[in-house]
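Each chain is listed here by its residues.
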Amino acid sequence: MSPVLKTVQTTLSLNKLSSRNYPRKEKKLLQHGSCSFPINNVQLSFQGGLEVVINVNSSHKEKTCLYDDGELEALPHVQTLREFPQEELVAKVVMVRFDSTIFLGEKLDLSSLSASKALYTIKYLHECGAKMILVSEWSRKINPKLLDAQAVADILSSVLQLKVIALRCISCKSPLRREDLQKADIFLLENLSEYKEEVANRSKFAELLSSEVDILVNDSFCQSHKVLASTVGVARFCYASMAGFSFEENLHQLKKIAKTKKKPYLAVIGGGNLKSKAAALQFLASRCDALVFVGQMSFQIMRALGHSIPTNLVERDAHKAALDIVQFAHDKNVLMSYPKDFWCTNQHLPTELEVFPAHGVSASWLPVDLGPRSLEEIYSLVTNSKKIIWIGPVKFSSSKPCTVGTSKLAQMLCKQSQCECEITIVGSTACEVIKNESNSLSSFNVLENASVVWEFLKEQKLPGVMSLNRAYPFEIDWSVAYHDASQPLVVDIGSGNGLFIMGMAQNRKDLNFLGLEINGKLVRRCLDSVHQSGIRNAYFIGSNATTTFRSIVSSYPGELVLVSVQCPNPDFNKPENRWSMLQRSLIEAVADLLASKGKVFLQSDVEAVAMRMKEQFLQYGKGKLHLSHDQYNIRINGNAWLEENPFGIRSDWEQHVIDRGAPMYRLMLSKSTGS
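The protein carries the name Phosphoglycerate kinase in an unreviewed UniProt entry, which gives Gossypium raimondii as its organism. Within the UniProt record for the protein, the comment given under Subunit (unreviewed entry) is "Monomer." Of the comments in the UniProt record for the protein, the one headed Cofactor (unreviewed entry) reads "Mg(2+)".

In structure tokens:
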């Protein structure tokens, strides 16, 4: 037995550290369950006397299952500021991508949920001791006072009751320097809308934005359907990227749309452009009991059902899509409702209004609003529903819409919201009308950006969501995963086909082995192998270890004695792969959770990758990790490496490299005693 393996074996016999005696969970393994957020109550006073008390004790539970039949790929569970360790924010430089429409509009409503959450993100970071760099785009269309970055900084200072200093870094193309950050705690960069590199997501521009930045907090959900340098590009250059409280709230509201437990579920659909929204309409038809069309799309549905409509109301190239939707809804037994009558205006005498049946609109008359019969039918459907989504304006032509039908619909929904009906309002127009009718949006789920919702309904992945670190959404019952969950734990990061884990588990029954692998298909294959072979000390989890290692391993009741990283992807043609190999947050988690005298085994067939891993572990290991120099018995290009794999079990890629006669670059680190 090699000296290194003897050392590891000695470590395994140590008593469990008292600080790692975690209580065992009483949940089933990999149950779609809930997450607890152990953050203290925080009370903040905002300008205008607004007080926001956010209670996020461990009793708060939130399910991560997006809809009843499984998880939707377009919305993975992402890391949030709420879940991120508070101590990791101290003295860190945090870039906050904020929503300018919330903070900088002429009418700032601090009592709204979106405003209170957005304010809380910045206040929370400030209270945690982080330095902040605020970034966003803005326009004088939303507020004539938005002249330059200094004017915006003054507005933000007034809103936050904290000093915000404007910085000119982007226009000078000069990276932010650490000494610049000593001038204040909160800074504002220039208007991103002035730079085409923002929309183009240029890598150099994103790197400039993120200079000196440690962490990205994206709190601009309204931009999550776009690929921007400030939301997607900068995530590559930050060691952690997460959702702020406003972003998290909007994501939570979006997930509710796909849930189908409350029935009947009614979708009220306005607006036009049916062809581009066909996939979204099929998504709604697959979950709702009725689709009620109250906008320009209703004419395309009427035409697909065989009714004649004026040629000027026909949407070009949308007929086949409309036919498909009608057929899909019919197959799913979903009711499709369209207006039965309209208020119409005379094209020659615009002040004249008259009601026409939907199939009998006279020439020279143009539909502009819902008629009384249409409203009666909608009222009947609304009052019998337990869940409703309203998306898209009540509008039937390019002219300015009448407001009577919109107001009547809003009144119906306000009344139904008092009857234990879950209602989601989508789009700024619908939100404004509801607010005018009820003076509050507190009874509704609100998503003001309709474009984001339409993309979600099309089951498209949202770039602004996908760029955030994906955190592990399950609770694990380790006693189900292993026959003895008190045994020391070995974790292989990027376990691939699982050959290393399976071989080690068969040789060492006194240890438990865990493989973390981002490829879900490989994980399922490995779990099948574990089940078929009857091995009870090996398990695999499909996960991005960069952001989930701490949350997974910290709940394990035994000691973590060995972590291995073997042959990470060294594709140098893709910069994002280089950044994702090993990030600071993962290395810090390993250093924190590893038992005293525990080991870290690193190897790669690419020397530059092995050298980078070594440098990163030594740099970010918090001084707890050091090289075991006495074990290095081979030199390649002047660098000392382990000649043999000390465990005698090879991963699939290692075996491939050895078979073709190429060298492997191996090293072992150890955690200092008493760390």
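(A) Molecular detail of the overall build of the protein. Each helix and strand counted, the protein has 24 helices and 26 strands in total. A sequence separation of at least 24 residues applies to 76% of the contacts in the protein between residues at least 6 apart. As displayed, the protein has an accessible area near 29,400 Å², and 49% of this comes from carbon and sulfur atoms.

(B) Structural context of the sheet that holds strand E14 (residues 365-370). Pairing in this open sheet of 3 strands is antiparallel, and the strands run E13-E12-E14 from one edge to the other. Only two strands of the sheet have a single neighbouring strand rather than two, namely strand E13 (353-357) and E14. Across the sheet, the axes of successive neighbouring strands diverge by a mean angle of 45 degrees, strand direction being ignored. Bridge count between strand E12 (residues 341-346) and E14: 5 bridges; the pairing is antiparallel. Looking at E14, one finds that Thr345 is bridged to Leu366.

(C) Broad picture of empty space enclosed by the protein. For the structure shown, the criterion picks out 3 cavities of 30 Å³ or more. Empty space within the second largest cavity amounts to approximately 50 Å³. If you trace the second largest cavity, you find it lined by Ile133, Cys169, Ile170, Ser174, Leu176, Leu189, Leu208, Leu209 and Ser211. Across the lining of the second largest cavity, the residue classes break down as 7 nonpolar, 2 polar and no charged.

(D) Quick look at the environment of Leu594. Assignment of secondary structure puts Leu594 in strand E22 (residues 594-604). For the pair Leu594 and Val563, spaced 31 residues apart in the sequence, the C-alpha separation amounts to 8.1 Å. Ignoring any residue separated from it by four or fewer positions in sequence, one finds Leu594 in contact with Leu560, Val561, Leu562, Val563, Lys599, Val600, Leu625 and Lys671.

(E) Main features of the nonpolar core. Among the nonpolar cores identified, the biggest contains 45 residues, and Leu254, Ile257, Ile269, Leu274, Leu291 and Leu457 are the most heavily contacted of them. Elements that contribute at least two residues to this core include exactly helix H8 (245-258), strand E9 (265-269), helix H9 (278-285), strand E10 (290-293), helix H10 (297-304), helix H11 (319-331), strand E15 (387-391) and helix H15 (450-457). Among the elements that take part in this core, H9 stands out by supplying 6 residues, more than any other. When residues of this core are assigned to domains, at least three map to each of domain 1 (86-247) and domain 2 (260-441). In this structure Leu457 touches Ile257, Ala279, Ala280, Phe283, Leu284 and Ile391, once residues within four positions along its chain are discounted. Among the nonpolar cores identified, the runner-up in size contains 43 residues, and Leu514, Leu560, Met611 and Leu625 belong to it.

What counts as what
Residues numbered from 1 in each chain as written. Predicted model: local features only at pLDDT ≥ 70, side-chain atom pairs only at ≥ 80, totals over all residues. Heavy atoms only, no water. UniProt positions renumbered as here; feature names shortened; annotations may be inferred. Helix = DSSP H or I, 4+ residues; strand = E, 2+ residues; numbered from the N terminus. Contact = heavy atoms within 4.5 Å. Areas by Shrake-Rupley, 256 points an atom, 1.4 Å probe, with all protein chains shown as cover. Pairing = 2+ DSSP bridges. Axes fitted to C-alpha atoms, helices over the stretch in contact; angles between N-to-C directions. 1 Å grid on protein atoms, 1.4 Å probe; cavity = no way out; pocket = protein on both sides within 12 Å on 5 of 7 lines; lining within 4 Å. Points joined across faces, edges and corners; volume = space filled by probe spheres on them. Nonpolar A, V, L, I, M, F, W, Y, C, P; charged D, E, K, R; others polar. Core = buried A, V, L, I, M, F, W, Y, C linked by side-chain atoms within 4.5 Å. Buried < 20%, exposed > 50% of the residue type's maximum accessible area, 1.4 Å probe, protein only. Domains from an automatic or database assignment.

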